[in-house]
Structure formats: C-alpha cells, structure tokens
Amino acid sequence: MKILVVDDSKAMRSIVLRTFRQAGLDGHTFVEASNGREALELIRTSGPDLVLADWNMPEMNGITLLQTLRAEGNNTRLGFITSESAAETKEEALKSGALFLLTKPFTVDTFKQVVAGHLA
Amino acid sequence: MTAPALDWAEVAQAVSEVVGSSVGWETPASVARRAGIPSDLSGAFIPLAGEGMAIQLGLTGTDASCRMLAAALLQCSADEVAALPLAEVADAVCEVVNIAAGHVKARLVESQQGIALGLPLFIHGAVQPGDRMDVDVFDLRFGEVPLVLVLLHRRG
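Residues numbered from 1 in each chain as written. Chains lettered and ligands numbered in written order. Predicted model: local features only at pLDDT ≥ 70, side-chain atom pairs only at ≥ 80, totals over all residues.

## Some points on the overall build of chain B
Here is the rule we go by: Secondary structure is summarised from DSSP: a helix means a run of H or I of at least four residues, a strand means a run of E of at least two, and numbering begins at the N terminus for each. Only C-alpha atoms enter the radius of gyration, while the globule expectation follows 2.2 Å times N to the 0.38, with N the number of residues. Working definition of burial: number of other C-beta atoms within 10 Å of the residue's own, with buried at 20 or more, exposed at 12 or fewer, and partly exposed in between, all C-beta atoms being placed from the backbone. A pair of residues counts as a contact when their C-beta atoms, built from backbone coordinates, are within 7 Å of each other.
Within chain B, the regular secondary structure consists of four helices and seven strands. The N-to-C order of helical and strand elements in chain B reads α-β-β-β-α-α-α-β-β-β-β. Radius of gyration (C-alpha) of chain B: 15 Å, near the 15 Å computed for a compact globule of 156 residues. Summarising its shape, the C-alpha atoms of chain B cover approximately 50 × 30 × 25 Å along the three principal directions. Looking at chain B residue by residue over its 156 residues, the buried ones come to 42%. Long-range pairs, those at least 24 residues apart, make up 65% of the contacts in chain B between residues at least 6 apart in sequence.

Pasting the structure below:
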C-alpha cells in the first residue's frame, strides 16, 4: 500500500514510520507531507491508499483536508493521529468520514490495533 | 462565560505523566512548584484559547535537557543525541508540548466547549508575561533530566 503520513512535526512523522516497523506492519511505501495543503496536492496527484493525518497543522489542518477531499468526491481513506482527544473532536472526525482517531502518545500495540485493520 | 477554575498543580502533575509516557520515561517525574520563570530558558510554548480564557503552556529546560527530551522521543542512541541538529530538537520538544496540551485541552472541554489548541513555538531566552497574566511554574524532574513547566494564564 502507498501510505501518506501528514504531520507538521518531522519527529512525529518519523515516529509513525518507526511504529509501523516496530508493529511488524512492513511492506508499505510511505510518502510524507508537512501540512494539509501539501497533502491535498499529493493525494490529488499520486493517490495514496491510506492517509494518516495530524489534526493541528499550519496552512491547512487535518479536518479541513478531510472535508475538502470529501467535498471533491474523493474517498481516499484517512485516519487521524493527533494530540486532540476530546470527544467532540473524535465525533467531528468520524462524522466527516475519518476511519479513526488515534490519540498521541500511543503504544506500538495500540497503533497496531487501530491501524492494522485498515491496511488490507 | 467564565473560564473553568483549574488546579494548576493538578495540571502540572497530568502534564508530567503525559510527557513521561510520550517519550518512554517510565519513572514518574517529581513535580514541585517553583517561584518565577527561569530567566534563560529554551523550550516550546503552545496556546490554548477559548471564550474567557487563554493559556500558554510551556515546557522548558536547559539546552541539554531539551536535547535529552528530544532524544528520548526519537529513541536516539547516546552518540546520536549530540549530533541532533537544533531544528530537530526544537521540532521534537514542540511535539511533546503539543501532546501534553492536547491532554490539558481534553480536561478543559469537560467544563468548557470551544477551546482551540494552537501551534507550538520554540523559544530561547526570557519570557515576560503581560500585566493580565498569572504565572504558575513547576519543576519537573525525570531522573537526571530537569524540566520547567510554565503555565501562563489570563487573570479574571
């Protein structure tokens, strides 16, 4: 699968990639973007199979990215990996079409439990 | 709407727990209130704002402490720690403060809706709170890594 990891923190992007390895979820191709706008262009042009996006980012945040995609009729699968953990945020994410909202910090086990099922 | 009353010592305790679990430090931090903001600090600040409330949450320390925090988050070896570029240290510390603030926000929204989390900023030097800001400062010690939590919040 081609997986797009979107986060304005390079550290967090590397942690997501590292957690894939630690969870034994190998064999995927990763692309990275540092904000929603950059991600939107990559999704339009290179069509990843799955997007893992942060919520709070400069230029364009994660929820705007998701809502923009859906408004364009683009149903690329997207899950949030974010420090936002409030119930209202999770509700907005799922209502907008997100697969899940995984709160940071996360363990390798939690990551695997949440993400693995969406890698088929 | 008035801002929710917060027990800042309780917030500091919660932040210390989130910081520890974010970077894999299993030993709980000691948390102690201190007087005043260190005059020469490095660290990341992030705003939390809503109706009638504004908070700046800062996680600061010496350059060495920030480097140790970044190294722990990135799971760097001892050799790699020293070689980490400053930008990567700043990025990592910003990410840790972002995670901590997300948990503070989750506590706040239990009593007040519409609170927004901003983007973190890494600074070096002194912080001068405005006239209408109150300040609570705590020493957080994770083993040999001392950090200072700075909580600036609007008065009234």
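Having seen it, we continue.
## Here we look at unusual backbone geometry
In this structure, the amide linkage connecting Lys104 of chain A to the following residue, Pro105 of chain A, adopts the cis form with an omega of -5 degrees. Here Pro105 of chain A is to be found in the loop between β5 (101-103) and α5 (108-115). Despite not being glycine, Glu59 of chain A shows a phi value in the positive range, around 70 degrees. As for its position among the elements, Glu59 of chain A is in the loop between β3 (50-53) and α3 (62-71). For Glu59 of chain A, a count of 15 C-beta atoms within 10 Å gives the class partly exposed. One non-glycine residue, Gln75 of chain B, lies in positive phi territory at about 55 degrees. In this structure, Gln75 of chain B sits in the loop between α2 (63-74) and α3 (78-83). Overall, Gln75 of chain B belongs to the partly exposed group, with 13 C-beta atoms counted inside 10 Å.

## Quick notes on the interface of chain B and chain A
At the junction of the two partners, chain B supplies 19 residues and chain A supplies 14 residues. The set of elements that each furnish at least two residues to the side of chain B that touches chain A consists of α1 (8-23), α2 and α4 (86-108) of chain B. Element by element, the count of residues in the side of chain B that touches chain A is highest for α4 of chain B, at twelve residues.

## Description of the sheet that holds β3 of chain A
Residues and elements named next belong to chain A. For clarity, the cut-off: Being paired, for any two strands, means DSSP has found at least two bridges between them. As a rule, the C-alpha atoms of each element are fitted with a line to give its axis, helices using only the stretch in contact, and angles between N-to-C directions run from 0 to 180 degrees.
The parallel open sheet is built from five strands, whose spatial order is β2-β1-β3-β4-β5. On the outer flanks of this sheet lie β2 (29-33) and β5, each paired with one strand and no other. Each strand axis lies, on average, 20 degrees off the axis of its neighbour in the sheet, ignoring direction. Strand direction decides the pairing type here: strand β4 (residues 77-82) and β5, joined by three bridges, are parallel. Paired with Ile81 across the bridge in β5 is Leu102. Strand contacts of helix α1 (residues 10-22): β1 (2-6), β2, β3 and β4, with the helix running at about 145 degrees to β1, the strand carrying the most contacts.

## Things to note about the confidence of the model for chain B
The condition is simple: A residue's pLDDT is the confidence the predictor assigns to it, expressed on a 0 to 100 scale.
Overall, the predicted model of chain B reaches an average pLDDT of 91, with 96% of residues at or above 70. Scoring the predicted complex yields pTM 0.94 and, for the interface, ipTM 0.92.

## Overview of the environment of Leu147 of chain B
Position of Leu147 of chain B among the secondary structure elements: in strand β7 (residues 145-154). For Leu147 of chain B, the contacting residues outside a window of four places in its chain are Leu59, Thr60, Gly61, Ser65, Leu69, Leu140 and Phe142 of chain B.

## Here's the deal with the environment of Pro120 of chain B
Here Pro120 of chain B lies in the loop between β4 (116-117) and β5 (121-125). Excluding its chain neighbours within four sequence positions, the residues that come into contact with Pro120 of chain B are Ala44, Phe45, Ile46, Cys94, Val97 and Asn98 of chain B.

## Some details on the packing of helix α2 (residues 36-46) of chain A against α3 of chain A
When two helices pack together, their arrangement is given by the angle between the helix axes and the distance between those axes. Residues and elements named next belong to chain A. Spelled out, the test is: For this classification, under 35 degrees means roughly parallel, over 145 means roughly antiparallel, 65 to 115 means roughly perpendicular, and everything else is oblique. Handedness of a helix crossing follows the sense of rotation of the near helix relative to the far helix, less than a right angle counterclockwise being left-handed and clockwise being right-handed.
Interaxial distance between α2 and α3 falls to 9 Å at its minimum, and their mutual angle equals 30 degrees. In terms of their interaxial angle, α2 and α3 are classed as roughly parallel. The hand of the α2/α3 crossing is right-handed. Along its contact with α2, which presents Gly36, Ala39, Leu40 and Ile43, the element α3 presents Gly62, Thr64, Leu65, Thr68 and Leu69.

## A closer look at the nonpolar core
Residue and element names in this part refer to chain B. Rules: Note on definitions: a nonpolar core is a set of buried residues drawn from Ala, Val, Leu, Ile, Met, Phe, Trp, Tyr and Cys, linked by C-beta atoms within 7 Å.
Leu69, Val93, Val96, Val97, Ala100 and Leu149 are the most contacted members of the largest nonpolar core, which has 74 residues in total. Ranked by residues supplied to this core, first place goes to α4 with twelve residues. Not counting residues up to four positions away in its chain, the partners in contact with Val93 are Gly43, Ala44, Leu59, Cys66, Leu69, Ala70 and Phe122.

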